[in-house]
Every structure is written in structure tokens, then in C-alpha cells.
Amino acid sequence: RYGRWVTRRVALGTIAAIWLLAALISFVPISLGLHRPPQPLIYNAGGQNYPTCALDLTPTYAVVSSCISFYVPCIVMIG
């Protein structure tokens, strides 16, 4: 049955769909600015404010992104 269901066309279509889904999950929230909190992290030293170069993500984006890009595929591969 596997040979009838998984043809070259189905395999290529599945790979393309997975790459498209990964690109949408990665780039859409970043391009819309949904991955950062509204206020950036500021370092205050001696009365001066300095912007930081820290990885500052919203908790929602961090959880959703890690689940979709790591945990779900891990469970699928284990299964």
C-alpha cells in the first residue's frame, strides 16, 4: 500500500507544504512584530538609558514557536 499512496508527487508536495508551513510560522509573526513585547528592554546606567541587544520575546510567541517547531515534530518523529 505504501508504494501506491506515497508517490514521488505526493512526497514532493508534502515536503513543499511542510517548508511553506514552517516559513509562515516563522516569518509572519516576525514581520508583523508579534514576537517582541511593546516596550523594548532598556539598560539604565548612571542616569542614561541604553537599548539592549537581548533576545526579548513575548511568552506567547516563545511557547507557540517552540511547540510548533520542536515539540510537535519530535512527537511525530518518535511516533
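Just so it is clear, the structure is predicted and the values come from calculations on it, not from any experiment.

When its secondary structure is counted, the protein shows three helices and two strands. Counting helices and strands in the order they occur from the N terminus, the protein gives α-α-β-β-α. The globule rule puts the C-alpha radius of gyration for 79 residues at 12 Å, and the 20 Å found for the protein is more than 25% above it. Reported as C-alpha extents along the three principal axes, the dimensions of the protein are approximately 70 × 25 × 15 Å. Out of the 79 residues in the protein, the part that is buried amounts to 6%. Taking the contacts inside the protein whose residues are at least 6 apart along the sequence as the reference set, 23% of them involve residues at least 24 apart. When the accessible surface of the protein is summed, it comes to about 7,100 Å², and 69% of that surface belongs to carbon and sulfur atoms.

In this numbering, the UniProt entry assigns the feature "transmembrane region" (unreviewed entry) to residues 12-34 and 60-78. Secondary structure across residues 12-34 comprises 87% helix and 0% strand; the distance between its end C-alpha atoms is 31 Å. Secondary structure across residues 60-78 divides into 100% helix and 0% strand, with the first and last C-alpha atoms of the span separated by 26 Å.

Another point: the layout of surface pockets. Where empty space is left in the structure can be found by rolling a water-sized probe over the atoms. There is about 230 Å³ of room inside the largest pocket. Lining the largest pocket are Ile-18, Leu-21, Ala-22, Ile-25, Ser-26, Ile-68, Ser-69 and Pro-73. For the lining of the largest pocket, the elements supplying multiple residues, two or more each, are helix H2 (8-31) and helix H3 (59-78). The leading source of residues in the lining of the largest pocket is H2, at five residues. Residue composition of the lining of the largest pocket, by class: six nonpolar, two polar and no charged.

Time to look at the packing of aromatic side chains. Enumeration according to the criterion identifies one aromatic pair in this entry. Taking the centre distance of 4.9 Å and the plane angle of 80° together, the rings of Phe-70 and Tyr-71 count as edge-to-face. Classification of Phe-70 by relative accessible area gives partly exposed; the value is 48%. Here Tyr-71 falls in the partly exposed class, since its relative accessible area comes to 47%.

A surface patch of nonpolar side chains, amounting to about 490 Å² of accessible area, comprises Leu-20, Leu-24, Val-28, Leu-32 and Leu-34. Relative to the helices and strands, Leu-20 resides in helix H2. Residue Leu-20 is classed as exposed on the basis of its relative accessible area of 54%.

Thresholds, definitions, all that
- Residues numbered from 1 in each chain as written.
- Predicted model: local features only at pLDDT ≥ 70, side-chain atom pairs only at ≥ 80, totals over all residues.
- Heavy atoms only, no water.
- Helix = DSSP H or I, 4+ residues; strand = E, 2+ residues; numbered from the N terminus.
- Rg over C-alpha atoms; globule rule 2.2 N^0.38 Å.
- Buried < 20%, exposed > 50% of the residue type's maximum accessible area, 1.4 Å probe, protein only.
- Contact = heavy atoms within 4.5 Å.
- Areas by Shrake-Rupley, 256 points an atom, 1.4 Å probe, with all protein chains shown as cover.
- UniProt positions renumbered as here; feature names shortened; annotations may be inferred.
- 1 Å grid on protein atoms, 1.4 Å probe; cavity = no way out; pocket = protein on both sides within 12 Å on 5 of 7 lines; lining within 4 Å.
- Points joined across faces, edges and corners; volume = space filled by probe spheres on them.
- Nonpolar A, V, L, I, M, F, W, Y, C, P; charged D, E, K, R; others polar.
- Phe/Tyr/Trp six-rings, centres within 6.5 Å; stacked < 30°, edge-to-face > 60°.
- Patch = residues over 30% accessible without salt bridge, like charges linked within 9 Å, V, L, I, M, F, W, Y side chains within 5 Å.
- Salt bridge = Lys/Arg side-chain N within 4 Å of Asp/Glu carboxyl O.

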